[in-house]
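One letter stands for each residue in the lines below.
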Amino acid sequence: MLSAVSASVAKSILPKTGALGTLVARLKHTLPDLPYDYNALEPYISADIMKLHHQKHHQTYVNNLNAAEEQLAEAMHKDMSVDNINQIIKLQPVLKFNGGGHINHSIFWEVLSPNGGGEPTGDLMHIITRDFGSFDRMKEELTNVTVAIQGSGWGWLGYNPNSFRLRVAALPNQDPLQPTTGLIPLFGIDVWEHAYYLQYKNVRPDYVKAIWNIVNWNAVSERLAAAKQCS
């Protein structure tokens, strides 16, 4: 029983290594560099928030994911006793939470840009208009579901590889979009308080409204093109 994160890595490499323990020993998740400076998204997201969010919160997900995968490898390398099976099962929520946190944040940094904002063009705009009626309607729908999330979570624009259509979704905590819903993530909005509280306090709608000024539509378009190739 592997998490979606661990399973995807293991599936592609295990035949070459022959042992999950060897795999985990060789492969460690790392914190990705930001494609811009910490102050680049100001005034919409402050440098203090970006630095804390990236260096502390995202790094913690990476550290905890690596630790959980090491424990998983150790348990699976042993005989499948009841105790080891219990340990594997016990690790699944930890893998989902921290693996999701790593996946979600890695996408988040990519789909923001100091040169972002405005509206998308080309195929992305065509499909948004086809599936939502207009860009403004998609923006309104994603904004509304994101602001309405109870507690912490993420609002997503995703691509359904079965229907070939775009959908809006909201997920709690760090639940990763694709393993949870089948939708391929194109653009996400983090509404954990650490993403905005230092600047926007408890006024989440203002933060979500500000995000639209820094959306990297080129990156979102690239993610759509890649998602369509997987369909």
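Above: the structure in question.
Residues numbered from 1 in each chain as written. Predicted model: local features only at pLDDT ≥ 70, side-chain atom pairs only at ≥ 80, totals over all residues. Heavy atoms only, no water.

Some thoughts on the sheet that holds strand β2 (residues 165-172)
Next up, step 1: Ordered by their spatial adjacency, 3 strands build an open sheet running β2-β1-β3, and the pairing between neighbours is antiparallel. Both outer strands of the open sheet, β2 and β3 (184-190), are each paired with one neighbouring strand and no more. Direction aside, neighbouring strands of the sheet carry axes that sit 20 degrees apart on average.
Next up, step 2: One ladder, built from 8 bridges, connects strand β1 (residues 153-160) with β2; its direction is antiparallel. Counted as the bridge partner of Gly-158 is Arg-167 from β2. (Pairing = 2+ DSSP bridges. Helix = DSSP H or I, 4+ residues; strand = E, 2+ residues; numbered from the N terminus. Axes fitted to C-alpha atoms, helices over the stretch in contact; angles between N-to-C directions.)

A short note on the side chain of His-58
Next up, step 1: If you trace the backbone, His-58 turns up in helix α3 (residues 47-77).
Next up, step 2: Classification of His-58 by relative accessible area gives buried; the value is 0%.
Next up, step 3: Once residues within four sequence positions are removed from consideration, His-58 is found in contact with Leu-31, Pro-32, His-53, Gly-101, His-102, His-105, Ser-106 and Trp-109. (Buried < 20%, exposed > 50% of the residue type's maximum accessible area, 1.4 Å probe, protein only. Contact = heavy atoms within 4.5 Å.)

Here we look at the environment of Gln-229
Next up, step 1: In this fold, Gln-229 is placed in helix α10 (residues 217-230).
Next up, step 2: Between the alpha carbons of Gln-229 and Pro-161 there is a distance of 9.2 Å; along the sequence they are 68 residues apart.

Details of unusual backbone geometry
Next up, step 1: Look at the link from Glu-42 to Pro-43: it is a cis peptide, with omega at 10 degrees.
Next up, step 2: Inspection of the secondary structure puts Pro-43 in the loop between α2 (20-26) and α3.
Next up, step 3: If you check the backbone angles, Phe-164 has positive phi at about 65 degrees while not being a glycine.
Next up, step 4: By the secondary structure assignment, Phe-164 is in the loop between β1 and β2.

Topic: the packing of α3 against helix α4 (residues 82-110)
Next up, step 1: In the contact formed by α3 and α4, the axes pass within 8 Å of each other and the chain directions differ by 150 degrees. Here α3 lies roughly antiparallel to α4, going by the angle between them. Handedness of the α3/α4 crossing: left-handed.
Next up, step 2: The residue makeup of the contact of α3 with α4, split by class, is 15 nonpolar, 15 polar and 1 charged. (Parallel < 35°, antiparallel > 145°, perpendicular 65-115°, else oblique. Left-handed = near helix turned anticlockwise from the far one by under 90°. Nonpolar A, V, L, I, M, F, W, Y, C, P; charged D, E, K, R; others polar.)

Some words on a nonpolar patch on the surface
Next up, step 1: The grouping of Met-76, Met-80, Ile-85 and Ile-89 at the surface amounts to a nonpolar patch, some 330 Å² of accessible area in total.
Next up, step 2: For Met-76, the location among the structural elements is in helix α3.
Next up, step 3: Residue classification places Met-76 among the partly exposed positions, given a relative accessible area of 31%. (Patch = residues over 30% accessible without salt bridge, like charges linked within 9 Å, V, L, I, M, F, W, Y side chains within 5 Å. Areas by Shrake-Rupley, 256 points an atom, 1.4 Å probe, with all protein chains shown as cover. Salt bridge = Lys/Arg side-chain N within 4 Å of Asp/Glu carboxyl O.)

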